[in-house]
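Structure at a glance
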Amino acid sequence: MLTDDQDRESFTLSTTFNAGKPVGAVVSAFAILRHLAAQDGAVSSAQVARALGLNPSTCFNILKTLAAERVVQFEEVGKAYRLGAGLLELAGSALDQVGYTRLLHPELERLAAAWQTPMTAWLRVSDHRVMLVDQAVSSSAIQIHMRIGHRLPLLVGALGRCMAAHAGLPVEEMRRQYAAVRQDNPPPFEQFLAEVEEARTAGYAVDRDGFTRGVTTVSSPILDAEGRPFLALSAVGLTAQFSDERAAAMAADLRDTTRRIGRQLAGPGRAAPLSPRETTR
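The protein goes by Transcriptional regulator in an unreviewed UniProt entry, where it is assigned to Azospirillum baldaniorum.

Shown next, in the form of structure tokens:
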């Protein structure tokens, strides 16, 4: 049996295309991909089938097909599956086709050069995960490197505050996800909620040493025309490099950049709302 969210996905598919009954194998394949996206590591076919209520043989055949298409990776050790590199190619092509890369990368390069800090772009791939889709390095002697395609929990660090501020997740769902995030020094959930509210008002968030001790992240979300977060830009560096004044100035630059990109992507007449600080300019 599929979850409520997957049932809603099936309903949306059938009503949007007026094609009658949705194709079960396609619905199941997407349910499997979303399930894999929500996992921290590789899982077996039996585990996937049990979690989604699928016939074990059907689940196995779908996974083998997805692996052949490279959107799922099979690990011989453990006989388990995880998302594959083929999804990165699809995501990259999608970003190119709608102009995200054309807009994002020059801005990341500008920000990295202006602040001498690595800049990253994170795509929201589910209600549980974000994925690194682009980055720009600085000329600073100290660098923090991450690979394209690296995935993190949705509510991690500064970008997690930004995502939570606009994703419309119920408080209990945020509480559950936040408790599952592995962090070096996590603040209490009540403090996290307060910082989510601050991010909603300010248009950015700062996380000092919370996710990883000694590392600070500064993030701002890119919202779609309905005000939902689908991307976030983040600066990441050693906490010693981020004074309060520098972090605040960097955050304001990130916020202005993401607002500008959001309005460009939304198109004329569909601009994302301004933050309170922008309306006073």
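Now that the structure has been shown, the text picks up again.
**Details of the overall build of the protein**
Along the protein, the regular secondary structure elements total 11 helices and nine strands. Each of the 281 residues in the protein was classed as buried or not, and the buried ones make up 48%. Look at the contacts in the protein between residues 6 or more apart in sequence, and 58% of them connect residues 24 or more apart. Accessible surface for the protein amounts to roughly 14,100 Å². Of this, 57% is attributable to carbon and sulfur atoms.

**Focus on the environment of D134**
Structurally, D134 can be placed in strand β5 (residues 129-136). With a relative accessible area of 12%, D134 lands in the buried category. Remark: the alpha-carbon pair of D134 and I148, spanning 14 residues in sequence, is separated by 6.4 Å. A distance of 3.0 Å separates a polar atom in the side chain of D134 from a polar atom in the side chain of H105.

**Describing the sheet that holds β5**
If you walk across this open sheet you meet the six strands as β6-β5-β4-β9-β8-β7, and the pairing is antiparallel. This sheet does not close on itself; its edge strands, each paired only once, are β6 (151-153) and β7 (205-208). Adjacent strand axes in the sheet meet at a mean angle of 30°, parallel and antiparallel pairs treated alike.

**So, helix α8 (residues 171-180)**
Among all positions of α8, only M174, Q177 and Y178 are buried. Summarising the axial view, the buried residues of α8 lie within an arc of 100°, below the 170-degree limit, and thus occupy one face. Residues of α8 that are exposed and point more than 90 degrees away from the buried face comprise E172, A179 and A180. Against α7 (157-166) and α9 (189-202) lie the buried residues of α8.

Here is what the cut-offs are and how they apply
Every chain is numbered on its own, with residues counted from 1 as its sequence reads. With the structure being a predicted model, the display of local features is reserved for residues of pLDDT at least 70 and the display and counting of side-chain atom pairs for 80 or more, all residues being used for whole-chain, interface and lining totals. Remark: hydrogens and water are excluded; side-chain values derive from all non-hydrogen atoms of the structure. Every helix listed is a DSSP run of H or I at least four residues long, and every strand listed is a run of E at least two residues long, numbered separately from the N terminus. Exposure is judged per residue with a 1.4 Å probe applied to protein chains only, and the accessible area is read against the type maximum: over 50% gives exposed, under 20% gives buried, and values in between give partly exposed. Whether two residues are in contact is decided by their heavy atoms: any pair within 4.5 Å suffices. Each accessible area is a Shrake-Rupley result for a 1.4 Å probe, and residues are judged covered by the shown protein chains and nothing else. What qualifies as a polar contact is a pair of N or O atoms within 3.5 Å, subject to a donor-acceptor requirement within protein and to the restriction that residues adjacent in sequence count only when both atoms come from side chains. For two strands to count as paired, DSSP must find a minimum of two bridges between them. In this analysis, axes come from line fits to C-alpha atoms, helices being fitted only over the stretch in contact, and the angle between any two N-to-C directions falls in the range 0 to 180 degrees. The arc under discussion is defined with respect to the helix axis, by the directions toward the C-beta atoms.

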